[in-house]
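Architecture at a glance
Letter by letter, the chains look like this.
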Amino acid sequence: MTITDFFDTRLFMSATITLIVIMDPPGTVPVFLSLTGRKSVAFRAKAARQAVLVSLLVISLFAVAGQAILSYLGIGIPALQGAGGLLLLLIALQLLTGKTGGEAEAAGDDVNVALVPLGTPLLAGPGAIAATIVFVRQADGHVGAYVALALSIVTVHFVLYLCMRYSGVVIRLIKESGITLLAKIAGLLLAAIAVELVANSVKGFISGT
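Computed from a predicted model, the values in this text were never measured in an experiment.

**With respect to the overall build of the chain**
- What the chain contains, in helices and strands, is nine helices and zero strands.
- Residues classed as buried in the chain amount to 41% of the 209 residues present.
- Long-range pairs, those at least 24 residues apart, make up 89% of the contacts in the chain between residues at least 6 apart in sequence.
- For the chain, the accessible area works out to roughly 11100 Å², and carbon and sulfur atoms hold 71% of it.

If you want it as structure tokens, here you go:
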């Protein structure tokens, strides 16, 4: 018996670093603030918690049955990238133009903002899902590797929660005008991410991967 039979340290470090780079906890703060910055502290805390839980649920689902789900539905990673890119592009356009659907939809937006776009596809996006499926393949049936991957996923989501939960410190510094500016910057960044996802989707379809 070796330690890798119970916990694969190398896989834990590799998966944690990869998922942190892909999911980018500090990079979620501008988008999170642009969507929730004008809300109460309690609302931001709730949104952060819900977004992380949704992301954790989606990533865990694809870790357990991702390959089977994609194979059964006949969906490839490029299709996921394209869908995620188009969804992020819609959110980006709303942030850039300031059109959020009006006051009539405000209540619904408040409820759903933690689910879409925060929980998915921003956190649990195509990149994170694809990386998770790859790491599950690398685990290759070893219990220690599965334990390491599970702990890695939980660790990354804990870091994501901390970044969003305590983003209020930024609000106290940038004030109302800063939030408006941040929304425009976040919209631009989201649009760039969306275009990159769509471009990778097209490349994937062309190359047949």
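There's plenty left to go through after this.
**A word on helix α7 (residues 126–139)**
- Taking 1.5 Å as the rise per residue, α7 with 14 residues should run 20 Å; its terminal C-alpha atoms sit 20 Å apart, in good agreement.
- Those residues of α7 not exposed but buried are Pro 126, Ala 128, Ile 129, Ala 130, Ala 131, Thr 132, Ile 133, Phe 135 and Ala 139.
- Once α7 ends, the next one or two residues include Asp 140, with phi positive near 50 degrees.

**A few points about the layout of surface pockets**
- Approximately 430 Å³ is the volume attributed to the second largest pocket.
- Forming the boundary of the second largest pocket are 24 residues, of which Ile 22, Leu 88, Leu 122, Ile 193 and Leu 197 lie nearest the centre.
- Looking at which element gives the most residues to the lining of the second largest pocket, the answer is helix α9 (residues 168–207), with seven residues.
- Taken together, the residues that form the lining of the second largest pocket break down as 16 nonpolar, six polar and two charged.

**Quick notes on the nonpolar core**
- Judged by nonpolar contacts, the single largest core of 50 residues is most densely connected at Leu 19, Met 23, Phe 32, Leu 118, Ile 129, Met 164 and Leu 190.
- Mapped by element, the contributors of at least two residues to this core are α1 (9–23), α2 (25–36), α3 (41–73), α4 (77–97), α6 (114–123), α7, α8 (143–165) and α9.
- No other element matches α3, which puts eleven residues into this core.
- The residues touching Met 164, leaving out its near neighbours within four places in the chain, are Thr 28, Phe 32, Ala 48, Ala 51, Val 52 and Leu 123.

**A few points about the confidence of the model for the chain**
- Overall, the prediction assigns the chain a mean pLDDT of 84, with 90% of residues at 70 or greater.
- Per-element confidence in the chain ranges from a low mean pLDDT of 50 for helix α5 (residues 106–112) to a high of 95 for α8.

**A look at a nonpolar patch on the surface**
- Judged by side-chain polarity, Leu 86, Leu 89, Leu 93, Leu 96 and Leu 188 come together as a nonpolar surface patch covering roughly 430 Å² of accessible area.
- Tallying contributions element by element places α4 first for the nonpolar patch, with four residues.
- Following the sequence through the fold, Leu 96 ends up in helix α4.

**A look at the side chain of Thr 132**
- On the secondary structure map, Thr 132 appears in helix α7.
- Here Thr 132 falls in the buried class, since its relative accessible area comes to 1%.
- In contact with Thr 132, not counting residues within four places along its chain, are Leu 19, Ile 59, Ala 63, Leu 149 and Ile 153.

**Details of the packing of α1 against α8**
- Running from N to C, α1 and α8 cross one another at 35 degrees; their axes reach a closest spacing of 8 Å. Remark: the crossing between α1 and α8 carries right-handed chirality. When α1 is examined against α8, the residues Leu 11, Phe 12, Ala 15, Thr 16, Leu 19, Ile 20 and Met 23 are found in contact with a partner set consisting of Ala 145, Ala 148, Leu 149, Leu 151, Ser 152, Ile 153, Thr 155, Val 156, His 157 and Leu 160.
- Considered class by class, the residues forming the contact of α1 with α8 number 13 nonpolar, four polar and no charged.

**Remarks on unusual backbone geometry**
- Look at the link from Val 116 to Pro 117: it is a cis peptide, with omega at 10 degrees.
- Relative to the helices and strands, Pro 117 is located in helix α6.
- Thr 120 connects to Pro 121 through a cis peptide bond whose omega is 10 degrees.
- Within the element layout of this structure, Pro 121 appears in helix α6.
- One non-glycine residue, Asp 140, lies in positive phi territory at about 50 degrees.
- Mapped onto the secondary structure, Asp 140 falls in the loop between α7 and α8.

Basis of the calculations
Along each chain, the written sequence defines residue order, and numbers are assigned to residues from 1. With pLDDT at 70 or above as the cut-off, local features in this predicted model cover only qualifying residues; side-chain atom pairs require 80 or more to be listed or tallied, and sums for whole chains, interfaces and linings still use all residues. Hydrogens are left out, water is left out, and the side-chain values use all remaining heavy atoms of the structure. The way it works is that DSSP assigns letters per residue, a run of H or I at least four long becomes a helix, a run of E at least two long becomes a strand, and they are numbered from the N terminus. Residue burial is assigned from relative accessible area. The probe radius is 1.4 Å, only protein chains are included, and a residue is buried under 20% of its type maximum, exposed over 50%, and partly exposed in between. Residue contacts are counted whenever heavy atoms from the two residues lie within 4.5 Å of one another. Every accessible area reported is derived by Shrake-Rupley at a probe size of 1.4 Å, with residue values counting cover from the shown protein chains alone. Helix span, as expected, comes to 1.5 Å for every residue beyond the first. A 1.4 Å probe that fits but cannot get out identifies a cavity on a 1 Å grid over protein atoms alone, an open set with protein on both sides within 12 Å along at least five of seven lines counts as a pocket, and a residue lines either if it has an atom within 4 Å of a point. Grid points are joined across faces, edges and corners, and a volume is the space filled by probe spheres set on the points. For this scheme, ten residues count as nonpolar: Ala, Val, Leu, Ile, Met, Phe, Trp, Tyr, Cys and Pro. Four count as charged, namely Asp, Glu, Lys and Arg, and the remainder, Gly too, count as polar. In this text, buried Ala, Val, Leu, Ile, Met, Phe, Trp, Tyr and Cys residues form a nonpolar core when linked through side-chain atoms within 4.5 Å. Each residue carries a pLDDT score, the predictor's own confidence in it, on a scale running from 0 to 100. Each patch is built from residues that are more than 30% exposed by relative accessible area and take part in no salt bridge. Like charges join if they lie within 9 Å; nonpolar side chains (Val, Leu, Ile, Met, Phe, Trp, Tyr) join within 5 Å. By convention in these notes, a salt bridge is any Lys or Arg side-chain nitrogen within 4 Å of a carboxyl oxygen on Asp or Glu. Axes here refer to lines fitted to C-alpha atoms; in helices the fit is confined to the stretch in contact. Angles between the N-to-C directions go from 0 to 180 degrees. In this scheme the handedness of a crossing depends on how the near helix is turned from the far one: anticlockwise by less than a right angle means left-handed, clockwise means right-handed.

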